[in-house]
Amino acid sequence: NCSGGLASAPSMMLSLGPYETGKLKFKLFASRTDGGSFACTATLHDALGQLIDRKEVQVNVTDMKVTTGNQAPVVRPGTEADGSNAQRDGGSCATVCPGLVDVMCFMAHSCWSSLARVVGVVVVLLALCTCGCWAAKRGLLCKLLSCICWLPSSSSSSTSRQNIHVNVQMPRPDVAP
């Protein structure tokens, strides 16, 4: 429970063993833009719902900075309005989102061409993996490797096998010649 323009998150549960301590963080939400001092009461109940402890917490909130600047996209001279090369707060997509696969940054800053590049690479990799699995299942990879490396195929090697038996007589060590 909080006073004034503060509201707390829904109540939360925490299980503790006997003589065990724990921390529980909760969020507070301000419904006003002006700051002030507020009080919130945190209560602790046992499993049966009996009140175990009650603490009052003093909270100081500063005034919220409210700006009513441009609310619509502004096209500045020398930039394009298609979203791919448009200037953003901090520069172009390459400077705002320097990572190659930072999808969340691309979406947050409307870097649609960079996002399309990442999605395209993922689609191509999935297609290659799918084709590779299909070819491996049908034995095409082994045939391709045998053609590339000039290895004999398994069918020709089985027909060209020959069994050679050699009989060698060794002299007996206990008999003198």
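Residues numbered from 1 in each chain as written. Predicted model: local features only at pLDDT ≥ 70, side-chain atom pairs only at ≥ 80, totals over all residues. Heavy atoms only, no water.

**Quick look at the state of the cysteines**
So, step 1. Evaluated as defined, the whole model comprises two disulfides.
So, step 2. In this model, Cys93 is linked to Cys111 through a disulfide, with the two sulfur atoms separated by 2.1 Å. Taking the torsion about the S-S bond as the criterion, the Cys93 to Cys111 disulfide, at about -105 degrees, is left-handed. A residue pair is termed long-range when its members are at least 10 positions apart, and Cys93 in helix 1 (residues 93-96) and Cys111 in the loop between helix 2 (103-108) and helix 3 (112-137) qualify at 18 residues. As far as burial versus exposure is concerned, Cys93 and Cys111 are alike and both buried.
So, step 3. Two residues, Cys97 and Cys105, share a disulfide whose sulfurs are 1.9 Å apart. Between Cys97 and Cys105 the sulfur-sulfur dihedral comes to about -80 degrees; the bridge is accordingly left-handed. For the pair formed by Cys97 and Cys105, the shared burial category is buried.
So, step 4. Lacking any disulfide linkage, Cys129 is separated from the closest cysteine sulfur, that of Cys133, by 6.5 Å. (Disulfide = S-S within 2.5 Å. Helix = DSSP H or I, 4+ residues; strand = E, 2+ residues; numbered from the N terminus. Buried < 20%, exposed > 50% of the residue type's maximum accessible area, 1.4 Å probe, protein only.)

**Re unusual backbone geometry**
So, step 1. In the Ramachandran plot, Tyr19 falls in the positive-phi region, its phi being about 60 degrees despite a non-glycine side chain.
So, step 2. Here Tyr19 lies in the loop between strand 1 (6-8) and strand 2 (28-30).
So, step 3. The phi dihedral of Ser110 falls on the positive side, at around 55 degrees, and the residue is not glycine.
So, step 4. You can see Ser110 is positioned in the loop between helix 2 and helix 3.

**Some remarks on the pairing of strand 3 (residues 36-45)**
So, step 1. Both strand 3 and strand 4 (residues 51-61) contribute to a ladder of ten bridges, which runs antiparallel. Bridge pairing in strand 4 links Thr41 to Glu56.
So, step 2. Counted along the chain from strand 3 to the antiparallel partner strand 4, the turn is five residues long, and its residue Gly49 has a positive phi close to 90 degrees. (Pairing = 2+ DSSP bridges.)

**Re the confidence of the model for the protein**
So, step 1. When pLDDT is averaged along the protein, the result is 75, and 71% of the positions lie at 70 or above.
So, step 2. The weakest mean pLDDT in the protein belongs to helix 5 (residues 154-159) at 47; the strongest belongs to helix 3 at 90.
So, step 3. Predicted confidence for residues 82-88 stays below pLDDT 50, and this span has 16 contacts to residues more than four positions away or in other chains.
So, step 4. Every residue in residues 155-160 scores below 50 in pLDDT, and together they form zero contacts with partners more than four places removed in sequence or on other chains. (pLDDT = per-residue confidence, 0-100. Contact = heavy atoms within 4.5 Å.)

**Quick word on the side chain of Ser114**
So, step 1. Within the element layout of this structure, Ser114 appears in helix 3.
So, step 2. For Ser114, a relative accessible area of 9% translates into the label buried.
So, step 3. Discounting chain neighbours no more than four positions away, the residues touching Ser114 are Cys93 and Phe106.

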